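# Structural overview
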Amino acid sequence: ETQTVLSSLDSGVLTVTLNRPDKLNSFNEVMHLALRDQIQRAHSDGDVRAVLLTGAGRGFCAGQDLGDRDPRSGEKPDLGRTLNTFYNPTLRLIRSLNKPVVCAVNGVAAGAGANIALACDIVLAAKSAKFIQAFSKIGLIPDAGGSWALTRLVGEARAKALALTAEPVMAEQAAEWGMIWRAVEDADLMAEAQALAAKLAAGPTFGLGLTKQLIQEAATNDFSTQLDRERDCQQAAGHSADYAEGVLAFLEKRPSSFKGC
Ligand code: T3D
């Protein structure tokens, strides 16, 4: 049987590819669990120093597989349960991972597919890709962290308009709005995303992990609390081998060789 998620580990980069291209990589239960397994692996495997998430075929991810939600089946799905069981644990794992997660949005990202991309740390998108908060078309609310991430990334005015109208946003517009990091030529997307992930994977992973967590906390901490958190994290970073290496490399006028600890 075809694997719903492909993965490979190369020079510290765990590349994770959603792989149900005929369904624009929409989520069935098997793909949910396979994606979660990979993010869990990124947590536990010290050889993984960055994650690159992308999709196979012409789309990135079209959210929930609506074939599994056919009302004609006579079943009334409990969507609270499916969020609790499938989406939310994966979203929490991405945000809490102390390693950078790069997302290469290779094509349309709709519904939970858009919001999983927005949960990643650095999002690159092909210029032809679009983001659609598709939920309102079918009577749902923006899930997979979308109501939270979208509001913080683009502000309430744009978040509300996008979520209420389900209007698509093209990659370049998304980049202009600060919803994603960068829109790149379609043909260059994977090479750019791989180069970025490789650079991050060769970085001071411990310090990068702390940096990610601090920036995430900034959304909810007050200034004084954040200063205390910076103090604590800097203290920890200052004890890392990579900090010593970084300073030494600077003084010796050579490139650093970070080990990730
Ligand atoms: O249920 C829960 O657990 C709660 C959680 C919900 C989270 C959610 O994500 S809800 C939102 C679900 N997603 C959507 O509503 C998006 C549905 N898809 C679309 O609107 C369009 O497909 C796109 C705008 C994403 C892309 O349009 P287009 O014209 O480029 O492609 P297409 O022709 O619509 O799709 C290509 C194929 O993929 C097609 O199959 P076919 O006809 O060639 O056999 C289409 O049915 C299939 N596909 C696309 N999205 C889904 C899908 N099949 C199942 N589920 C999908 N979400």
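Procedures and definitions
- Counting restarts for each chain, with residues numbered from 1 along the sequence as it is written.
- Under the rules for a predicted model, residues below a pLDDT of 70 receive no local features and side-chain atom pairs below 80 are neither given nor counted, while totals for whole chains, interfaces and linings still include all residues.
- UniProt positions are given in the numbering used here, feature names are shortened, and annotations may be inferred rather than shown by experiment.
- By the criteria applied, helices consist of DSSP H or I runs no shorter than four residues and strands consist of E runs no shorter than two, each listed in order from the N terminus.
- Each radius of gyration reported is based on C-alpha atoms, and the globular scaling rule is 2.2 Å times the count of residues to the power 0.38.
- Contacts are defined on C-beta atoms placed from the backbone: any two residues whose C-beta positions lie within 7 Å are in contact.
- The term nonpolar core refers to a set of buried Ala, Val, Leu, Ile, Met, Phe, Trp, Tyr and Cys residues connected through C-beta atoms within 7 Å.
- Residues with at least 20 other C-beta atoms within 10 Å of their own are called buried, those with 12 or fewer are called exposed, and the rest are partly exposed. The C-beta atoms themselves are positioned from the backbone.
- Here a strand pair is declared whenever DSSP counts at least two bridges between the two strands.
- For helices, the fitted line uses only the C-alpha atoms of the stretch in contact; every axis is such a line through C-alpha atoms, and the angle between N-to-C directions lies from 0 to 180 degrees.
- What fixes the domain bounds is an automatic or database domain assignment.
- In this count, Pro and Cys sit with the nonpolar residues alongside Ala, Val, Leu, Ile, Met, Phe, Trp and Tyr, while Asp, Glu, Lys and Arg are called charged and the others, Gly among them, polar.
- Residues are counted as near a molecule or strand when the C-beta atom, derived from backbone positions, lies within 6 Å of that molecule or strand.

Under an unreviewed UniProt entry, the name given to the protein is 2-(1,2-epoxy-1,2-dihydrophenyl)acetyl-CoA isomerase, and the organism recorded is Donghicola tyrosinivorans. The Sequence similarities (unreviewed entry) comment attached to the protein in UniProt states, word for word, "Belongs to the enoyl-CoA hydratase/isomerase family."

Let us now look at the overall build of the protein. The helix and strand inventory of the protein stands at 9 helices and 10 strands. Over its C-alpha trace the protein gives a radius of gyration of 19 Å, about what one expects of a compact globule, namely 18 Å for 261 residues. Principal axes of the C-alpha set define a box for the protein whose edges measure 70 × 45 × 35 Å. Considering only intrachain contacts with a sequence separation of at least 6, the fraction spanning at least 24 residues in the protein is 70%.

Time to look at the nonpolar core. Grouped together as the largest cluster of nonpolar side chains are 67 residues, with contacts concentrated most on Val51, Leu52, Val102, Val105, Ala109, Ala117 and Ala125. In this structure, Leu52 is in contact with Val13, Thr15, Val16, Val102, Ala104, Ala193, Gln194 and Ala197, ignoring residues within four places of it in sequence.

Right, let's get into the sheet that holds strand β1 (residues 5-10). Reading across from one edge, β1-β2-β3-β5-β7-β10 is the order of the 6 strands in this open sheet, with mixed pairing throughout. Here the strands that pair on one side only, and so sit at the sheet edges, are β1 and β10 (182-184). Strand-to-strand, the axes of this sheet are offset by a mean angle of 20°, without reference to chain direction. Both strand β2 (residues 13-18) and strand β3 (residues 50-55) contribute to a ladder of 6 bridges, which runs parallel. Across the sheet, Leu18 pairs through a bridge with Gly55, a residue of β3.

A few words now on the domain arrangement of the protein. Structurally, the protein comprises domain 1 (5-201) and domain 2 (205-251). Across the contact, 8 residues belong to domain 1 and 7 residues belong to domain 2. Split into classes, the residues belonging to the side of domain 1 that touches domain 2 amount to 2 nonpolar, 1 polar and 5 charged.

Around the ligand lies a shell of 23 residues, among which Ala62, Gly63, Thr82, Gly111 and Ala112 are the nearest. For the shell around the ligand, the elements supplying multiple residues, two or more each, are α2 (79-96) and β6 (108-110). Partitioned by chemical class, the residues of the shell around the ligand number 12 nonpolar, 6 polar and 5 charged.

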